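The primary structure of each chain is shown beneath.
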Amino acid sequence: MRDAVLHLLLLSLWGGAAAVGALAVSAALRRAHTPSRWLCWLWLAVGVRFALPWGIPLMLPRPQNQQLAQAAETVRALAEAPAPVARPAVQAAPVQAAPAPWYEGLTLWHLLAAVWALGVLVLAVRAVAGYVRLRRTVALACKTPEGCYSGSCVPAPFTLGILRPRIYLPGSLTGAARQAVLLHERTHLRRRDPVVKPLYYAVVCLHWFNPLAWLAFRQLEREMEAACDEAAVRGCDAAARNAYCESLLQYALQGRMTPASLAFGQGSVKQRIVHLLHYRRLGAGALLLCAVAVGLSVTACMMRPRVAEATPETAAGPAAETEPQPTATPETATFTANTAGLPNLDGPAHSPRFLCPVDYTYISRYMGGGHRGNDLCAPAGTPVYAAQDGYVESATYHWSWGNFVQLDHGSAADGRRWETLYAHLRSLAVEPGQTVKAGDLLGYVGATGYATGNALHFEATVDDVLADARYFTDYREGDGSELTGEIAAELRAQCDGEQQSAVAFAANAAGLPNLDDPANGALFMSPLQNFKYISAVMEGGHPGVDMAADAGTPVYAAADGVVTVSEADATFGNWVEIDHGAGADGHRWTTRYAHMDDRSVQVGQTVQAGELVGHVGSTGQSTGNHLHFEVMADGALVDPRYVTGAPLTSHTALTGDQAAEIKAAIQELQQDQQEAEQEARDQLEGLQRQLEAVQQAEDAARAQSAQQQLVQEADEARAALDEAAARLDGSLSGGA
């Protein structure tokens, strides 16, 4: 639900920006006497920008400022959700937890969606009621020889209806004025305005919370009426124009009519009359310039700005902000698991729970629907603590997780190994290799990486299988859930299946590409044996190839492997990831198959080359039936055309240049990871030095404060003694 609300807000933002630009351009073009019918196209383009998330891509350079770059990355992710990113740890199966009560899943996003839906419903009911009421008002109007409807029940000239619009004229309207008004309304019919205006209103209703959407609707109404006014007085003399303007004054409407109608007297009558009095036809040259200006403006409205994706040079983590850091040196002693403090799947009734890692405000999202953990919302800078004793496996920056920490807690009493992950931290307080105790500081809440607000993303895994942290963490009352025997048994079965598949599967090194000896290495089997054409290749940020094919076409495994992901999400739809193990050259290969209609394999299942994985479909963010196919070597994306055989390509072997390019990409990725880790270590050391300086300053200030306090106490004691001496002296003087 959060994604849907944010997508709507982003769409409204783009439309609002287009409306502001169109307003400035429209004012300039109107002063140049541009025909109003052309300005209608400009405001129609704004309406399309409000309605459709697609547009003409406009690539913008990535900002150098890290905060701006993160904001741009968030906007890009909302406009086009990124492909799932490989975790540093092994991909695991999502836990199918027991269904929770419906109200437990309600969040602030559901409330916002409900308010939005209520607003749309109110506006729709209001428009329909106004249409029905106006239809009943003019029900007794009679058809005239001119083809319109007239009578005493018609208060003002207007056009009503969508599919079969009718022109209604007052019975008192006669003569030349009647003919001009009739021409005005017929121009509406010829331009299909009775259809365009209600559709535009429907789009505006979807963005009822955005005043710029209503501004665009009012501007379109104004230009529609002005265009018909121009058509009505074109070729008329001054007397005829004056008569037409008098008709505008006579039938000026004080209120607004239903959006399904086009009233002759609606809008600002003063502006319309001034426009008509100054209206003149332009010459051919001026018309050409105006046409070019309108065309460029419409094109600009349809632009969809995109920020260039992060390169290895720009993907480095942001400099961590100064936070209080622990002064103790990292512990590197051998870690011993606290088995008594870890969850026990064999005894769910008395299973221990992880400590809550943060003092959160509320939980905005739980695990499910492709989301891998729980999002604990808290103010920026809130401390994040270790959920249990553990060993720091990773403490670095990742473009999606931002600053994150991954802890290995060792094995519980039931022999199962637990890990936890803490993501989107503002800064880190630990480093890889350090041992921590339950409650030790790990970092501080932030919004780094792919985050839409300050929150801690918290994950838990057992034997490399994702476990919903709500069943194993000591959340506040009402936020956590009971670990039942059924949930524990299901999780045990998934862990056992993961271990069995890991033992059963052995990589077929001879069936994988060989980057050290490309001529003698194998190629992947094409996942589609029948397809129409390649609709997209790996370029411009697209991470794989798209193979267009008929719905239901079988999708096959490209090589022997084990299924590590088999799920559905909003981006990839039904998708599967297969780990093929390491080839003869030691490089580990992975393939992905996305946008399928269904999935024929499960997580942990071993498959052979050519085994059915699913069928072609158009699920997720897809514009048609096709298979999205990706290949990775050691986590680095590889162009599938390099390492896949017929019928995807006509290659029979990987070339030396292609192998060198792939190895360079792998080396670059590894180097980036090492540089990011080193940068995080340097930042931590710098922060520790800053902390020492702050501590010394605090000690000095504390000592100075203590000295000042002693001086003050001495002064107070001296004053008290002086006062006592004065009283004693007074009493002695009185006795004398």
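Refer to the structure printed above.
Since the structure is predicted, the reported quantities are computational estimates derived from the model, not experimental observations.

## Some words on helix H10 (residues 284-301)
For the α-helix, the turn length of 3.6 residues means that residues three or four positions removed from each other point alike.
Here is step 1 of the chain: An ideal rise of 1.5 Å per residue puts 26 Å on 18 residues; H10 measures up with 26 Å between its terminal C-alpha atoms.
Here is step 2 of the chain: Listed as buried for H10 are Cys290, Val294, Ser297 and Cys301. Angularly, the buried residues of H10 cover 60° about the axis, an arc narrow enough to put them on a single face. Exposed residues lying more than 90 degrees from the buried face of H10 are Ala284, Leu288, Leu289 and Leu296.

## Overview of the packing of helix H4 (residues 108-137) against helix H6 (residues 193-206)
Here is step 1 of the chain: Between H4 and H6, whose axes approach to 9 Å, the crossing angle comes to 150°. As far as their axial angle goes, H6 and H4 are roughly antiparallel. For the pair H4 and H6, the crossing hand works out as right-handed. Contact with H4, carried on its side by Trp116, Val120, Leu123, Arg126 and Ala127, involves Tyr201, Cys205 and Leu206 of H6 and no other residues of that element.

## Some points on the packing of aromatic side chains
Here is step 1 of the chain: Inspection of the entire model under this criterion finds 14 aromatic pairs.
Here is step 2 of the chain: Judged by centre distance (6.1 Å) and plane angle (65°), the ring pair of tyrosine 201 and tryptophan 214 falls under edge-to-face. Taken together, the positions of tyrosine 201 in helix H6 and tryptophan 214 in helix H7 (residues 211-233) put the pair 13 residues apart, joining distant regions of the chain.
Here is step 3 of the chain: Given a relative accessible area of 8%, tyrosine 201 falls into the buried group.

## Quick look at the nonpolar core
Here is step 1 of the chain: Core analysis: the largest hydrophobic core is formed by 40 residues, its most contacted members being Val405, Trp418, Tyr422 and Phe472.
Here is step 2 of the chain: Within the residue set of this core, elements represented by two or more residues are strand S11 (390-398), strand S12 (402-411), strand S13 (417-428), strand S15 (441-445), strand S16 (455-462), strand S17 (465-467) and helix H11 (485-504).
Here is step 3 of the chain: Excluding anything up to four places from it in sequence, phenylalanine 472 contacts Pro343, Leu345, Arg353, Phe354, Trp418, Ala467, Leu483 and Leu491.
Here is step 4 of the chain: Within the second largest apolar cluster, 35 residues are counted, among which are Ile578, Val607, Phe629 and Val631.

## Observations concerning the pairing of strand S5 (residues 166-170)
Here is step 1 of the chain: With four of five residues buried, S5 is to be regarded as a mostly interior element.
Here is step 2 of the chain: Looking at chain direction, strand S3 (residues 149-151) and S5 are connected through three bridges and run parallel. Bridging from a neighbouring strand, serine 150 pairs with leucine 169 of S5.
Here is step 3 of the chain: Two strands pair when backbone bridges link them, and strand S4 (residues 158-160) and S5 are joined in this way by three bridges, in the antiparallel orientation.

How each quantity is defined
Residues numbered from 1 in each chain as written. Predicted model: local features only at pLDDT ≥ 70, side-chain atom pairs only at ≥ 80, totals over all residues. Heavy atoms only, no water. Helix = DSSP H or I, 4+ residues; strand = E, 2+ residues; numbered from the N terminus. Expected span 1.5 Å × (residues − 1). Buried < 20%, exposed > 50% of the residue type's maximum accessible area, 1.4 Å probe, protein only. Arc of directions from axis to C-beta. Axes fitted to C-alpha atoms, helices over the stretch in contact; angles between N-to-C directions. Parallel < 35°, antiparallel > 145°, perpendicular 65-115°, else oblique. Left-handed = near helix turned anticlockwise from the far one by under 90°. Contact = heavy atoms within 4.5 Å. Phe/Tyr/Trp six-rings, centres within 6.5 Å; stacked < 30°, edge-to-face > 60°. Core = buried A, V, L, I, M, F, W, Y, C linked by side-chain atoms within 4.5 Å. Pairing = 2+ DSSP bridges.

These figures capture arrangement, not role.
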